[in-house]
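Examination of the molecular architecture
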Amino acid sequence: SALEAGEPCGSCESCVSILDETNRDVEEMDAASQGTVDKVREMVGDADFGSFDGTDLQVYVVDEAQRLSKAAQDAFLKAIESRLFVVVMCTTEPEKIQGPIRDRVEEYAVRPPTADEVTERATAYKKWMADNA
């Protein structure tokens, strides 16, 4: 997919399939309701088969990652160490993510956007929707 100033283009097949949630290699998981060790083990097992598009890159976005049990975090640790897939863990309580995982990942603090940034994004999104209608 093409990048424009570090941002997804929003129009190539990869971008569109992620935006409309039809990309089978990018999956979001809500750890609050799906964060069981069995679910994580299933994800790790599925990664052994590779990606659907042949790139061998699967991405899991884990929301509320602090809600993962210790056993589920242990299962993710194995996958992170073996680089079976990309894991993006989103949390408001990073201290609840085990040290061994935090030692092996890149951590990015996300701050709330300013009012000007929200306006700029909303304007860009409105333009993108008009151009792609």
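Rules and cut-offs
Within each chain, residues carry numbers counting from 1 in the order of the written sequence. Reporting of local features is limited, given that this is a predicted model, to residues whose pLDDT is at least 70; pairs of side-chain atoms are given and counted only at 80 or more, and all residues count toward the totals for whole chains, interfaces and linings. Remark: hydrogens and water are excluded; side-chain values derive from all non-hydrogen atoms of the structure. In this text, buried Ala, Val, Leu, Ile, Met, Phe, Trp, Tyr and Cys residues form a nonpolar core when linked through side-chain atoms within 4.5 Å. Note on exposure labels: buried denotes an accessible area under 20% of the residue type's maximum, exposed denotes more than 50%, and partly exposed covers the range between, all computed with a 1.4 Å probe on protein chains only. Strands are runs of DSSP state E lasting at least two residues, helices are runs of H or I lasting at least four, and both sets are numbered from the N terminus onward. Contacts were defined at the residue level, with two residues in contact if any of their heavy atoms lie within 4.5 Å. Each reported salt bridge corresponds to a side-chain nitrogen of Lys or Arg within 4 Å of a carboxyl oxygen of Asp or Glu. Should DSSP find at least two bridges between two strands, the strands are regarded as paired. To obtain each axis, a line is fitted to C-alpha atoms, and for helices this fit is confined to the stretch in contact; angles are then taken between N-to-C directions over 0 to 180 degrees. Using protein atoms alone on a 1 Å grid, points that fit a 1.4 Å probe yet trap it form a cavity, whereas open point sets bounded by protein on both sides within 12 Å along at least five of seven lines form a pocket; residues with an atom within 4 Å of a point count as lining. Grid points are joined across faces, edges and corners, and a volume is the space filled by probe spheres set on the points. Charged means Asp, Glu, Lys or Arg here, nonpolar means Ala, Val, Leu, Ile, Met, Phe, Trp, Tyr, Cys or Pro, and polar covers whatever is left, Gly included.

A few words on the nonpolar core. Among the nonpolar cores identified, the biggest contains 19 residues, and M29, V40, V62, L68, F76 and F85 are the most heavily contacted of them. Listed by contribution, the elements that provide at least two residues to this core are α3 (37-47), β4 (59-63) and α4 (70-82). If one sorts the elements of this core by residue count, α4 sits on top with six residues. Sequence-distant contacts of F76, that is, excluding residues within four places in its chain, are made with M29, V40, M43, V62, L68, F85, V87 and M89.

In total, this model carries seven salt bridges according to the counting rule given. Here E81 and R104 are joined by a salt bridge, their closest N and O atoms 2.9 Å apart. Here E81 is found in helix α4, whereas its partner R104 is found in the loop between α5 (99-102) and α6 (115-131), with 23 residues between them in sequence. Residue class for E81 comes out partly exposed when judged on its relative accessible area of 43%. With a closest N to O distance of 2.6 Å, K127 and D131 form a salt bridge. Of this pair, K127 and D131 both sit in helix α6, four residues apart, which is roughly one turn of the helix. Taking the relative accessible area as the measure of exposure, K127 reaches 53% and is therefore exposed. We classify D131 as exposed; its relative accessible area is 53%.

This next bit is on unusual backbone geometry. Positive phi values are uncommon outside glycine, yet E21 reaches one of about 60°. Here E21 lies in the loop between α1 (13-19) and β3 (26-30). By relative accessible area, E21 is classed as exposed at 72%. Backbone geometry at E64 places phi at a positive 60°, although glycine is not the residue there. Here E64 lies in the loop between β4 and α4.

The next point concerns the sheet that holds strand β5 (residues 86-89). In a beta sheet, neighbouring strands are held together by backbone hydrogen bonds and run either parallel or antiparallel to one another. Across the sheet, three strands lie side by side as β3-β4-β5; this open sheet has parallel pairing. Of all the strands in the sheet, the pair left with one neighbour each is β3 and β5. Mean inter-strand twist for the sheet, computed between neighbouring axes without regard to direction, equals 20°. Both β4 and β5 contribute to a ladder of four bridges, which runs parallel. What sits directly across from Y60, in β5, is V87.

Its boundaries defined by the atoms lining it, the largest pocket holds a volume of some 760 Å³. V87, M89, V105, E106 and E107 are, among the 21 residues lining the largest pocket, the residues nearest its centre. Secondary structure elements with two or more residues in the lining of the largest pocket: α4, β5 and α5. Of the residues contributing to the lining of the largest pocket, the split by class is 14 nonpolar, one polar and six charged.

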